[in-house]
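# Structural features, examined
One letter stands for each residue in the lines below.
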2 protein chains.
Amino acid sequence: MHSPHKWRHRFRANVSRWTVPREIILDFLSRTSKHMSAKEIYASLYRMYPGIGLTTVYRTLDLLVRIGLINKLTFGDGPSRYEFKSEKKNEHHHHLLCTKCGRIIDYNDFMGEELKLTKKTEETLAKKYNFKVQDHNIEFYGLCEKCQ
Amino acid sequence: MHSPHKWRHRFRANVSRWTVPREIILDFLSRTSKHMSAKEIYASLYRMYPGIGLTTVYRTLDLLVRIGLINKLTFGDGPSRYEFKSEKKNEHHHHLLCTKCGRIIDYNDFMGEELKLTKKTEETLAKKYNFKVQDHNIEFYGLCEKCQ
DNA sequence: AATGGTAATGAAAACCATTATCATTAATAA
DNA sequence: TTATTAATGATAATGGTTTTCATTACCATT
Ligand SMILES: [Mn+2]
Ligand SMILES: [Mn+2]
Ligand SMILES: [Zn+2]
Ligand SMILES: [Zn+2]
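Reading the values: the criteria
Residues numbered from 1 in each chain as written. Chains lettered and ligands numbered in written order. Predicted model: local features only at pLDDT ≥ 70, side-chain atom pairs only at ≥ 80, totals over all residues. Heavy atoms only, no water. Contact = heavy atoms within 4.5 Å. Buried area = accessible area lost by both parts, 1.4 Å probe. Salt bridge = Lys/Arg side-chain N within 4 Å of Asp/Glu carboxyl O. Polar contact = N/O pair within 3.5 Å; in protein donor to acceptor, adjacent residues only side chain to side chain. Helix = DSSP H or I, 4+ residues; strand = E, 2+ residues; numbered from the N terminus. Pairing = 2+ DSSP bridges. Axes fitted to C-alpha atoms, helices over the stretch in contact; angles between N-to-C directions. 1 Å grid on protein atoms, 1.4 Å probe; cavity = no way out; pocket = protein on both sides within 12 Å on 5 of 7 lines; lining within 4 Å. Points joined across faces, edges and corners; volume = space filled by probe spheres on them. Nonpolar A, V, L, I, M, F, W, Y, C, P; charged D, E, K, R; others polar. Near = heavy atom within 4 Å. Donors = N, O, S within 2.8 Å, 3.2 Å for Na, K, Ca; no water. Buried < 20%, exposed > 50% of the residue type's maximum accessible area, 1.4 Å probe, protein only. Domains from an automatic or database assignment. Tetrahedral: all angles 85-135°; square planar, octahedral: opposite > 155°, others 65-115°.

### Looking at the interface of chain B and chain A
Interfaces are often sized by the amount of accessible area the parts lose when they come together. In this complex, chain B contributes 40 residues to the contact, which on the side of chain A involves 40 residues. In total, chain B and chain A occlude about 3,700 Å² of area from one another, counting both sides; carbon and sulfur atoms represent 63% of this. Among the residues chain B hides against chain A, the three largest losses belong to Phe110, Phe131 and Phe140 of chain B. Together they make up 18% of the total. Counting every contact that joins chain B to chain A gives 4 salt bridges. Taking the shortest distance from any N to any O, the salt bridge between Lys120 of chain A and Glu113 of chain B comes out at 2.6 Å. For the pair chain B and chain A, the number of links is 18 residue pairs in polar contact (both at pLDDT 80 or more). Secondary structure elements with two or more residues in the side of chain B that touches chain A: strand S4 (94-98), strand S5 (104-107), helix H5 (111-129) and strand S6 (132-143) of chain B. The dominant element in the side of chain B that touches chain A, judged by the number of residues it contributes, is S6 of chain B, at 12 residues.

See below:
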């Protein structure tokens, strides 16, 4: 697995080596739309690649977050979950979380309005609290179709 | 500690008993504006009430969240934090989180605009995904005054 | 006020996600 | 090819939270 790959340069730029486990994990995440925990990723990969340890999954996920290729999602219950971050600018999205069954729904409606609100908020909060906003997170809690 | 208290009926309504540890913990939270972890609450109470166990703090916090008297905040790093939920309608607020030092800043600017956005979002998402929104959370990540 | 049924408590152990350790392996530059 | 050193993976350790279980204390009913 030494073929040139579209993400290889991102690792170089971050003084990190392009390794087999990293490619496998990143490739796996890029092909799923699920929000998976480290253990779930480990288990999914185990059948095909039993050599990859859970520790390496954790370390790789941490690196991918630092590099900016994936998002780490921490909802109140259970383990952290991860999702591939699409490079397409219009695929920025947030989540609906079912408080009963735990279902996670992506949505990207209202991104225009949201951008307007967040931009305005960021500017004013920067002045008022001298706080430099880098990112934001919005989530809605409630009951999904099946659970209400 | 058997005096009638303004929160006592909330416990009754939830088939829960009004106990000394519960009153102490709730009273403590209602008097601080900090966002504290279970262990921090336990430690704060220990001097005056060394009889209250950490387990009871966890259980009481869980109950208070269920009853709706406090909020549980789970930022990615470290333990969950808790804050008293003000009964005043205009004190709904969100958080600015410093990614460097962990500082948490409350803000309640733009609540008008926010309400407009969230209401609109809730309505449309209810139709589109048949999802019944109960609550929402917004947070901004960045660098606080001291850390930039 | 006394009683009894049962929820709540607290100490300890268990649980579980995540991180640290360390000997071994493998990616990269020379 | 070789040397350097980052990355890996098995294992142990960590730390927040939950479970267990014997004891205590609410509180509805006498
Ligand atoms: Mn998503
Ligand atoms: Mn707050
Ligand atoms: Zn559901
Ligand atoms: Zn800071």
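Having seen the model, we can carry on.
### Describing the sheet that holds strand S2 (residues 70-73) of chain A
Residue and element names in this part refer to chain A. Ordered in space as S1-S3-S2, the 3 strands form an open sheet in which the pairing is antiparallel. At either margin of the open sheet sits one strand with a lone partner, and together these are strand S1 (36-37) and S2. Relative to strand S3 (residues 81-84), S1 runs antiparallel, the two being bridged by 2 bridges. The residue bridging Met36 from the neighbouring strand is Tyr82, located in S3. Across the face of the sheet, helix H4 (residues 54-67) comes into contact with S2 and S3 while running at roughly 115° to S2.

### Let's talk about the layout of surface pockets
A volume near 190 Å³ is recorded for the second largest pocket. Contributing to the lining of the second largest pocket are Glu113, Lys116, Leu117 and Lys120 of chain A together with Glu113, Lys116, Leu117 and Lys120 of chain B. Among the elements of the structure, helix H5 (111-129) of chain A together with H5 of chain B are those that each provide at least two residues to the lining of the second largest pocket. Tallied by class, the residues present in the lining of the second largest pocket amount to 2 nonpolar, no polar and 6 charged.

### Brief notes about the protein's contact with DNA strand C
Around DNA strand C sit 22 residues, and of these Tyr58 of chain A together with Thr19, Gly51, Thr56 and Arg59 of chain B come closest. Within the backbone of Trp18 of chain A, one N or O atom sits 2.9 Å away from a phosphate oxygen of DNA strand C. In this structure, a phosphate oxygen belonging to DNA strand C sits 2.5 Å away from a main-chain N or O atom of Gly51 of chain B. Counting only elements with at least two residues in the surface near DNA strand C, the list comes to H4 of chain A together with helix H2 (20-30) and helix H4 (54-67) of chain B. A class-by-class count of the residues in the surface near DNA strand C yields 6 nonpolar, 9 polar and 7 charged.

### Here we look at the coordination of the manganese ion (ligand 2)
Residues and elements named next belong to chain B. Only His35 (NE2), Glu83 (OE), His93 (NE2), His95 (NE2) and Asp106 (OD) from the protein reach the manganese ion (ligand 2) as donors, at distances of 2.1 to 2.3 Å. If you list the donors of the manganese ion (ligand 2) from N- to C-terminus, the spacing comes out as H-x47-E-x9-H-x1-H-x10-D. Placement of the pair is His35 in the loop between H2 and strand S1 (36-37) and Glu83 in strand S3 (residues 81-84), with a sequence separation of 48 residues. Relative accessible area serves as the criterion here: at 5%, Glu83 is assigned to the buried category.

### Details of the domain arrangement of chain A
Residues and elements named next belong to chain A. Looking at chain A, the domain boundaries give domain 1 (1-85) and domain 2 (89-148). Between domain 1 and domain 2, the contact holds 6 residues from the first and 6 residues from the second. For the pair domain 1 and domain 2, the summed buried area comes to about 460 Å², and 65% of that belongs to carbon and sulfur atoms. The largest contributions to the domain 1 side of the interface with domain 2 come from His35, Phe75 and Glu83, which together make up 81% of the buried area.

### Concerning empty space enclosed by the protein
Inspection of every chain in the model, using the stated rule, returns 2 cavities of 30 Å³ or more. The calculated volume of the largest cavity comes to roughly 60 Å³. What lines the largest cavity is simply Tyr107, Asp109, Phe110, Glu114, Ile138 and Phe140 of chain A together with Leu117, Thr118, Thr121 and Ile138 of chain B. Of all the secondary structure elements, the ones that give two or more residues to the lining of the largest cavity are strand S6 (132-143) of chain A together with H5 of chain B. Looking at the lining of the largest cavity, the element that brings in the most residues is H5 of chain B, giving 3 residues. Its residues assigned to classes, the lining of the largest cavity shows 6 nonpolar, 2 polar and 2 charged.

### Things to note about the coordination of the zinc ion (ligand 4)
All names here are of chain B. The coordination sphere of the zinc ion (ligand 4) contains the protein donors Cys98 (SG), Cys101 (SG), Cys144 (SG) and Cys147 (SG), at a distance range of 2.2 to 2.4 Å. One can describe the site at the zinc ion (ligand 4) as tetrahedral: its 4 donor atoms subtend angles covering 103 to 114° at the metal. Along the chain, the residues that donate to the zinc ion (ligand 4) are spaced as C-x2-C-x42-C-x2-C. Placement of Cys101 in the loop between S4 and S5 and of Cys147 in the segment after S6 is noted, with a sequence separation of 46 residues between them.

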